Amino acid sequence: MSPQPQAAVGAPLSRVDGRLKVTGKALYAAEHEVEGALHAVIVDAGIGRGRITSIDSDAAEALPGVLKVLHHRNAPKLPYRDNAGSNNPPGRRLRVFQDDRVRFHGQPVAVVVATTLETAQHGTSLVKVGYDAEQPSTDLTEAEPDEPTRYARGDAEAALRSAPVRLDLTYRTARNHHNPMEPHATIARWDGDQLTVWDKTQWVVGTQTELAAVFGLETDAVRVISPFVGGGFGTALRCWPHVVVAALAARETKRPVKLVLSRKQMYLGTGFRPSYEYRLRLGSDRRGRLSAAVHELDAETSSYETFTESILAAGQMLYSMPNVTQRYRTVPLDLPTPLYMRGPGFQTASFVIESAMDELAHELGVDPIELRKRNEPNEDESSGLPFSTRRLRECYAVGAREFGWHRRAPEPRATREGHWLIGRGMAAGVYDTTRMPAQARARLDADGTALVEAAATDMGPGTYTSQTQVAADALGLTVRSVTFRLGDSLYPPTPPHGGSMTMASVGSATLDACNRVRRQAIELAVGDRESPLYGLGADDVVVRNGRLHVKNDPTRGETYRRLLARNDRTHLAADGSFAPPSGPERHSFYGYSATFAEVAVDASLGLVRVRRVLGVYDAGRIISPKLADSQALGGMVGGIGTALLEHTVTDHRDGRIVNANLADYLVPVNADIPDLKAVYLDGEDREADPLGVKGLGELVMIGVAPAIANAVFNATGRRVRELPITAEALL
């Protein structure tokens, strides 16, 4: 059929759900009014490892308003079967209230359920737990690692030995916590054997499947509702123990139960970016052509699950080199399980690789951009596949021009403004273009409006708006004539809202559903003797503003309303779907970026101030420029936090997190963010998906931290290989 006119896609529209949010009508997980709901508050373990020897809940249960105190001694045994599609790993999940083991400090050991929140909170202080404590293992550098994952091509060790230039560098990154504005919250209600939960989640289908697995239910016996999510960054990509606790408490009390985690509890069991120790050895010739790299990295995981992320990919394909060896080990610790955090894997790898490239450029006296250009590959050397698109050279050129890279002094400490040392740095970035199967359904009503539904999530990037734009253009309607609904497991299933896959996956399913509905309408019109379009070929008809007309003659046509009314149709409807092609990939799919940063460092105090950040992105088709800017600027802010501020601190004596609050765990504030700018290269990637998008949300954070670190070196001459960069490291 003829391509549709595109009026909504590419337009800088404001969020369609913006009014609901600014007027307080957008309901988040804890805000849903569920009649008769009780309040639950979790009792956290006070040791980092060991066994529970006693639980005295008598005082709490005697408190007026307390209905139940649940713990491992009185909670029923749950099936915890392994369901396909669950968003939790099988076999080794934390089985809440099922035994007396304490696996990390802050693990849920009991829950108090009461008629008011205040009563439940007070009740937790009255529960006395006895422990047989053991010394927890929480230090990455002192624990025994698991068997490594390995990758190799060529002979890296031999190539290193013969390389004219060799670097041997070790980098360390701190544990980071997600800290979204909305804390995790769950309301659970049972109606017989049917469970409904209102939950903060980035994957309603995964949470539905996991709860069915835990309670031994059929999947369709569980409904998960999550229309609005107040930030996630990855923390809501799985069903955490508190969700099970809420559902269990509701079943045991036979009343709906609301459970909201405190800010402190958000650090105790809802995931984090793991810390890494990452050694990188590089070899090159005197012109900077890379010949070999050896990556050896250790990362935190929990003692009861193994968490891994895609940290090896960038080292295999970002730069051309014939010899690469990688060894990736997880280190089991007495901690809660880590989880994906914005730019997972690639964010950490980027800091190491791009810092090392800057060190090599300085060693050789080569401009950092020129060094990267000399090592541009012609194909993905890890797979031998051609890149679907790869426009890093253009990102460098546009970024250098917009940033004024030519004004950068190559020698460190060469630029001063009073007592401030000024530095400029840059870094490349890469993130894989992930696509997964998704479904959507669309309905065009007789009044000329449309409804589209999918079980997707919107944690802030603007899913409501971008999906509405795609649907509006596919149906030939104005944006105000389309309603997009999401966040309910009753809607067609979609993949997790993470990994920058939503636009490519759900957007393509939305496009398919709406194309099918438009095709139905056109076929109805060209087959209707009373229609002005009767007898035409379907390819000769397009739809604009709710009116079907001849492609080259807008005067000949009719509206959806008139067509459906004349044919006694209340609506037209269709299901749509998307799935990546089956079989081996024919291309290597990635999005790319070049990030530039300028910093000022106080020469006496070592304080770092970011003056400006510029990001240039090869991210395929940009569906909504206004939303893209929101994503990009937010990613830059997150990268500044990683580079200079964020650091979860553990007391290794007992496994306690000592800065589990927003007073001591520092994140950027407005005063830290003076000048941010994003530029998007025009283009699309039709090899990746029908919309031509690559995904943006992860990519925009990757490269920010190393660009800042490289700018700090340019300002001070001090190379800091540990994040966050502190004043102490620069003095």
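Located above this text is the structure these notes cover.
Source: prediction; values computed, not measured.

**Student:** For the packing of aromatic side chains, give the residues involved together with the corresponding values.
**Tutor:** All told, the structure shown has 14 aromatic pairs when counted by the stated rule. Pairing Trp-190 with Phe-215 gives two aromatic rings, centres 5.4 Å apart and planes at 75°, and the pair type is edge-to-face. Residue Trp-190 is found in strand β9 (residues 185-191), and its partner Phe-215 is found in helix α5 (residues 204-215); the two are separated by 25 residues along the sequence. Side by side, Trp-190 and Phe-215 carry an identical accessibility label, which is buried. For the ring pair Phe-403 and Phe-596, a centre distance of 5.5 Å and an interplane angle of 35° mean the geometry is tilted. Taken together, the residues span a long stretch of sequence, with Phe-403 in helix α11 (residues 392-403) and Phe-596 in strand β25 (residues 590-602) at a distance of 193 residues. Judged by relative accessible area, which is 2%, Phe-403 ranks as buried. On the accessibility criterion, Phe-596 (0% relative accessible area) is buried. Grouped by ring-pair contacts, the aromatic residues Phe-346, Phe-387, Tyr-431, Tyr-590 and Tyr-592 constitute a single cluster. The side chain of Arg-175 reaches across the aromatic face of Phe-272, ending 5.0 Å from its centre.

**Student:** Provide a residue-level description of α11, including the pertinent values.
**Tutor:** Note: α-helices contain 3.6 residues per turn, so residues at a spacing of three or four share the same orientation. A rise of 1.5 Å per residue sets the reference length of α11, with its 12 residues, at 16 Å; its end C-alpha atoms lie 16 Å apart and thus fit the reference within 8%. Buried within α11 are the following residues: Leu-392, Cys-395, Tyr-396, Val-398, Gly-399, Ala-400 and Phe-403. In the core, the buried residues of α11 are packed alongside α10 (368-374), β17 (420-432), β25, β26 (608-618) and β29 (676-680). Gly-404, located one to two residues past α11, shows a positive phi value of around 80°.

**Student:** How would you summarise unusual backbone geometry if you had to cite specific residues and measurements?
**Tutor:** Of the consecutive residues Leu-723 and Pro-724, the connecting peptide bond is found in the cis state with omega at 0°. Structurally, the position occupied by Pro-724 is in the loop between β30 (722-723) and α17 (727-730). Although it is not a glycine, Arg-413 adopts a positive phi angle of roughly 65°. Residue position: Arg-413 is located in the loop between α11 and β16 (416-417). With a relative accessible area of 44%, Arg-413 lands in the partly exposed category. Phi is positive for Asn-545, which is not a glycine, with a value near 55°. Take Asn-545: it is sitting in the loop between β21 (541-544) and β22 (547-550).

**Student:** Before we move on, can you summarise the pattern of salt bridges with the specific residues and values?
**Tutor:** Inspection of every chain in the model, using the stated rule, returns 44 salt bridges. Its salt-bridge partner being Glu-381, residue Arg-153 comes within 3.5 Å of it at the nearest N-O pair. Linking Arg-153 in strand β7 (residues 149-153) with Glu-381 in the loop between α10 and α11, this pair joins segments that are 228 residues apart in sequence. What makes Glu-381 partly exposed here is its relative accessible area of 26%. Between Glu-277 and Arg-172 there is a salt bridge; the shortest N-O distance is 3.0 Å. Pair noted here: Glu-277 is in strand β13 (residues 276-284) and Arg-172 is in strand β8 (residues 165-173), with a separation of 105 residues, a long-range link. Of the residues examined, Arg-172 reaches a relative accessible area of 35% and is grouped as partly exposed. Linked through salt bridges whose partners overlap, the residues forming this network are Glu-417, Arg-424, Glu-598, Arg-611 and Arg-612.

**Student:** Could you give an account of the pairing of strand β14 (residues 290-302), with specific residues and numbers?
**Tutor:** With respect to burial, β14 is a largely interior element, 13 of its 13 residues being buried. The antiparallel pairing of β13 with β14 creates a hairpin that spans 5 residues between the two strands, and Gly-288 there sits at a positive phi of about 95°. Across 11 bridges, β14 lies against strand β15 (residues 323-333) in parallel orientation. Residue Ser-302 lies in a different strand from β15, and its bridge partner there is Leu-333.

**Student:** Mind laying out the nonpolar core, listing which residues take part and the relevant values?
**Tutor:** One finds Tyr-319, Val-599, Tyr-617, Ile-640 and Ile-708 to be the most contacted residues of the largest nonpolar core, which totals 93 residues. Per-element accounting of this core gives the leading share, 10 residues, to helix α9 (residues 346-364). Residues contacting Val-599, with those up to four places away along its chain left out, are Leu-421, Ile-422, Gly-423, Val-608, Arg-609, Val-610, Arg-611, Ile-708, Ala-711, Val-712 and Ala-715. Core analysis: the second largest hydrophobic core is formed by 49 residues, Phe-228, Met-503, Cys-514 and Phe-578 among them.

**Student:** Which residues make up the packing of α5 against helix α6 (residues 241-253), and what values do they have?
**Tutor:** It is the contact of α5 with α6, at a shortest axis distance of 11 Å, that shows an interaxial angle of 55°. Here α5 lies oblique to α6, going by the angle between them. Remark: the crossing between α5 and α6 carries right-handed chirality. Counting all contacts with α5, which are made through Thr-207, Leu-211, Val-214 and Phe-215, the residues of α6 involved are Val-243, Val-244, Ala-247, Leu-248 and Arg-251. When the residues that make up the contact of α5 with α6 are grouped by side-chain class, the tally is 7 nonpolar, 1 polar and 1 charged.

**Student:** Account for the environment of Arg-391, naming residues and giving values.
**Tutor:** Within the secondary structure, Arg-391 is located in the loop between α10 and α11. Assessed through its relative accessible area of 22%, Arg-391 is described here as partly exposed. When the C-alpha atoms of Arg-391 and Ala-619 are compared, they prove to be 9.5 Å apart, with 228 residues separating the residues in sequence. Not counting chain neighbours up to four residues away, the residues in contact with Arg-391 comprise Tyr-592, Asp-618, Leu-681, Asp-682 and Gly-683. Engagement of the side chain of Arg-391 in a polar contact is seen with the backbone oxygen of Asp-682, the distance being 2.5 Å.

**Student:** How would you sum up the side chain of Thr-186? Please name residues and give values.
**Tutor:** Counting through the fold element by element, Thr-186 comes out in strand β9. A polar contact of 2.6 Å, which involves the side chain of Thr-186, links it to the side chain of Asp-199. Excluding its chain neighbours within four sequence positions, the residues that come into contact with Thr-186 are Val-197, Trp-198, Asp-199, His-242, Val-243, Ala-246, Val-257, Lys-258 and Leu-259.

**Student:** Quick one: what's the story with the sheet that holds strand β12 (residues 257-260), residue by residue and with numbers?
**Tutor:** Taking strand neighbours across the sheet as the criterion, the 7 strands line up as β3-β5-β1-β12-β9-β10-β11 in an open arrangement whose pairing is mixed. What marks the edges here is a single partner per strand, and that holds for β3 (66-71) and β11 (222-225). Taken over all neighbouring pairs, the strand axes of this sheet differ in orientation by 20° on average, direction set aside. Of the strand pairs in this sheet, strand β1 (residues 38-44) and β12 are connected by 3 bridges, and their pairing is parallel. The partner of His-39 across the bridge, within β12, is Lys-258.

Criteria and cut-off values
- Residues numbered from 1 in each chain as written.
- Predicted model: local features only at pLDDT ≥ 70, side-chain atom pairs only at ≥ 80, totals over all residues.
- Heavy atoms only, no water.
- Phe/Tyr/Trp six-rings, centres within 6.5 Å; stacked < 30°, edge-to-face > 60°.
- Helix = DSSP H or I, 4+ residues; strand = E, 2+ residues; numbered from the N terminus.
- Buried < 20%, exposed > 50% of the residue type's maximum accessible area, 1.4 Å probe, protein only.
- Lys NZ or Arg CZ within 6 Å of the ring centre and 35° of its normal.
- Expected span 1.5 Å × (residues − 1).
- Contact = heavy atoms within 4.5 Å.
- Salt bridge = Lys/Arg side-chain N within 4 Å of Asp/Glu carboxyl O.
- Pairing = 2+ DSSP bridges.
- Core = buried A, V, L, I, M, F, W, Y, C linked by side-chain atoms within 4.5 Å.
- Axes fitted to C-alpha atoms, helices over the stretch in contact; angles between N-to-C directions.
- Parallel < 35°, antiparallel > 145°, perpendicular 65-115°, else oblique.
- Left-handed = near helix turned anticlockwise from the far one by under 90°.
- Nonpolar A, V, L, I, M, F, W, Y, C, P; charged D, E, K, R; others polar.
- Polar contact = N/O pair within 3.5 Å; in protein donor to acceptor, adjacent residues only side chain to side chain.

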